[in-house]
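Structure at a glance
For reference, the chains in residue letters:
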Amino acid sequence: MRKFLAAATMLGCICLATSGAFAGQVEPQSRARELAASFSKSKHEVKEKRGVRVEKFKDVRSDPVFKADARGYSGTYEADFGCALTITVRADGRADASGSEPTSDLARPRRFTLRDARVAGALLTGTKVYDDGATEEFEGVFINRTERNSPTDAGTTTFGLGIVFDPPKVGQSFVMTRLFYAVKR
């Protein structure tokens with residue numbers, strides 16, 4: 001009986017190890033949902049003073065966009081500070097990408113290319129290789145970002161790529177943890 005129990009326990013550990021449970025791997029769809037949620041925010045404040053009511057409302061919802069054909073993510077995307085990103089995705093999920101991101105002076109974006117870029121679900125991963133040869137991990141999610149400015153507003157939805165900076169980008173007057181690149185139409 002002990003031999004059977006030991007064999008069953010060992011088989012269970014082997015199955016878990018090969019499934020990635022011990023390695024801490026996360027399914028691309030789960031990670032995409034997690035990253036998309038980090039681009040959502042909501043604020044609703046009401047202040048009343050001497051009979052005057054002032055209401056502030058902002059609601060941003062971001063949902064991952066899962067496309068059946070990965071080539072549908074190909075395109076040019078633009079962000080604030082004069083930054084752009086061009087992505088070409090093949091049917092098997094491999095991708096070529098190059099673009100730029102803000103720097104500490106905000107006047108000159110820093111250029112990079114993506115090495116070993118891959119799309120899985122709505123998640124784009126790879127390694128940024130900067131013009132000076134420095135490298136950094138890259139992780140982004142393709143999302144629909146809906147902004148509403150009042151509770152009755154239907155909102156405006158924009159498709160794009162949300163990038164998470166780890167470590168954050170630090171400038172003279174800012175700390176940037178994420179950036180949204182909207183698709184260029």
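Remember, predicted model here, so these are calculated numbers, not experimental data. (Residues numbered from 1 in each chain as written. Predicted model: local features only at pLDDT ≥ 70, side-chain atom pairs only at ≥ 80, totals over all residues. Heavy atoms only, no water.)

1. Notes on the overall build of the protein
For the protein, the helix and strand inventory stands at two helices and 10 strands. Within the protein, the proportion of its 185 residues that are buried is 32%. For the protein, the proportion of contacts with a sequence separation of at least 24, taken over those separated by at least 6, is 41%. (Helix = DSSP H or I, 4+ residues; strand = E, 2+ residues; numbered from the N terminus. Buried < 20%, exposed > 50% of the residue type's maximum accessible area, 1.4 Å probe, protein only. Contact = heavy atoms within 4.5 Å.)

2. Overview of unusual backbone geometry
Omega for the peptide link from Asp 166 to Pro 167 comes to 10°, which places this bond in the cis form. Topologically, Pro 167 is positioned in strand β9 (residues 156–170). A positive phi is found at Arg 50, a non-glycine position, where the angle reads about 55°. Owing to a relative accessible area of 80%, Arg 50 belongs among the exposed residues under this scheme. One non-glycine residue, Phe 81, lies in the positive phi region at around 65°. Relative to the helices and strands, Phe 81 resides in the loop between β3 (75–78) and β4 (84–89). A residue is classified by how much of its surface remains accessible, and Phe 81, at 38% relative accessible area, is partly exposed.

3. Considerations on the packing of aromatic side chains
Two aromatic rings, taken as a pair, are described by how far apart their centres are and by the angle between their planes. Using the criterion set out here, one finds six aromatic pairs in the structure. On the numbers, 6.1 Å between centres and 55° between planes, the contact of Tyr 77 with Phe 142 is tilted. One end of the pair, Tyr 77, is in strand β3; the other, Phe 142, is in strand β8 (residues 135–148), and 65 residues separate them in sequence. Among the aromatic residues, those joined into a cluster by ring pairs are Tyr 73, Tyr 77, Phe 142 and Phe 159. Above the face of the Phe 159 ring, Lys 67 is positioned so that its terminal group lies 4.7 Å from the ring centre. Just above the ring of Phe 39 sits the side chain of Arg 178; from NZ or CZ to the centre is 5.8 Å. (Phe/Tyr/Trp six-rings, centres within 6.5 Å; stacked < 30°, edge-to-face > 60°. Lys NZ or Arg CZ within 6 Å of the ring centre and 35° of its normal.)

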